[in-house]
Amino acid sequence: MKKLIRTATVSVSLDILLKGQLAFLNDHYQVLAVSGQDVHLENVKNREKVLTVDVPMYRTISPFKDFVSLVRLYLLFKKEQPLIVHSITPKAGLLSMCAAYFARVPIRIHTFTGLLFPHKEGFLHHLLLFLDKVLCRFATHIFPEGEGVKKDLLAFKVTRKPLQVIANGNVNGIDLDYFNPTTVSVQDCEQLRTSLGIASTDFVFVFVGRLVTDKGINELVAAFTKLASQHSAVKLLLVGPFESELDPLLPETLQLLATHKSIISVGFQDDIRPYLAVSDVFVFPSYREGFPNVVLQAGAMELPCIVTDISGSNEIIIPNENGIILPIKNEIAIFDAMHLLYYDKDLFQKLQSKSRVNIVSRFQQELVWNNLLQEYKRLENNV
């Protein structure tokens, strides 16, 4: 059987982002999953039933460590002689495409799940742009995760190669059996609400993700605080970890998170479905994304979504059909949208009724997987 090697900088990307996909592809190719060895790579091995190979890679730039990773990837590709090497995440993309080129792998694919350089300045902007151009030089095919990523690749002239978006975007689609409101019982919802201090009459806004500036948390907390000062029957539920060293929140935001009686922060959760199930509206005011899975997940759990006008989010949400799209870094716009959905019950129910339907029609996993497999087969026939 022909070999397919999938690589990622850190194994959690293979474990979480490609859950189920590798097992599906393993019915058609002999799949090897390559990243640094840890519990996530072990999860991939056991769950997906694919071969795994330990090749440590690092997110930060480290010339010596990166060279060692490059050599190890080259030796692996020479030994295994795969038909396809397909990478996700920036460092794995750069190293894998270079190594696969010199190892003479026929089909070399990288999926851009998001771009870093448009949001950097000065030397770092130019360095990251240059590295992405190098990556594309050694790849044979480029898959942007969505139309927004494709637009940025074209705008910055990263490559002249054709850019293929698989299905309607997103690297893996969504497991609609798992993200389904029927998977969380009424009793479990009532117990969770009680434990969190959420009354049955409360209207709950929820955010899921890292609690950092880049996700728009400062603006979200400020907007919600204004809303809560006018209406007592609202709650803001924050599901995700703090990253104070990388992208800290403003001191005044941290103070509100610690003291405001209507803001509930529960930290990272392995299973976010119960928290979505006890909520009414999902709010995601991020400054930038590739193609955010959490917006798909919230929609599949029948939540209308308030999102910013960024790549991915503006491809999932259709204004006044399954959510509202706002400009980034705009506290007033967030407040207005939250206020609108709290007061306008007809609009809220309209958006809610179409939230899951929209996700089912465009982003179910089988659609993404089958489109990816068809693309593999098409490229294979052209080798």
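Residues numbered from 1 in each chain as written. Predicted model: local features only at pLDDT ≥ 70, side-chain atom pairs only at ≥ 80, totals over all residues. Heavy atoms only, no water.

> Describe in detail helix H12 (residues 293-300), supporting the description with residues and values.
Among the eight residues in H12, seven count as buried, and that is most of the element. Within the span of H12, buried status applies to Val 294, Val 295, Leu 296, Gln 297, Ala 298, Gly 299 and Ala 300. Its buried side turned inward, H12 meets strand E7 (203-208), helix H11 (273-277), strand E10 (281-284), strand E11 (305-308), helix H13 (313-316) and helix H15 (345-363). Glu 302 sits one or two residues past H12 and shows a positive phi near 70°. (Buried < 20%, exposed > 50% of the residue type's maximum accessible area, 1.4 Å probe, protein only. Helix = DSSP H or I, 4+ residues; strand = E, 2+ residues; numbered from the N terminus. Contact = heavy atoms within 4.5 Å.)

> Can you lay out the sheet that holds E11 for me, pointing to particular residues and giving the numbers?
The parallel open sheet is built from six strands, whose spatial order is E9-E8-E7-E10-E11-E12. With one partner strand each, in any of the chains shown, strand E9 (263-267) and strand E12 (323-326) form the two edges of the open sheet. The average undirected angle you get between the axes of adjacent strands in this sheet is 20°. Summarising the sheet, E7 and E10 pair through two bridges and their orientation is parallel. If you follow Phe 205 over to E10, its bridge partner there is Val 281. Contacting E7, E10 and E11, H12 runs over the sheet at an angle of about 170° to E10. (Pairing = 2+ DSSP bridges. Axes fitted to C-alpha atoms, helices over the stretch in contact; angles between N-to-C directions.)

> I'd like a description of the sheet that holds strand E3 (residues 51-54), backed by residues and values.
The sheet built from six strands is open, its strands ordered E3-E2-E1-E4-E5-E6 with parallel pairing. At either end of the open sheet lies a strand with only one pairing partner, and these are E3 and strand E6 (141-144). Between one strand axis and the next, the sheet turns through 20° on average, direction left out of account. Sheet topology places strand E2 (residues 30-35) next to E3; four bridges connect them, and they run parallel. Counted as the bridge partner of Ser 35 is Asp 54 from E3. In the packing of helix H5 (residues 90-102) onto the sheet, the strands contacted are strand E1 (3-8), strand E4 (84-88) and strand E5 (107-112), and the crossing angle to E4 comes to about 165°.

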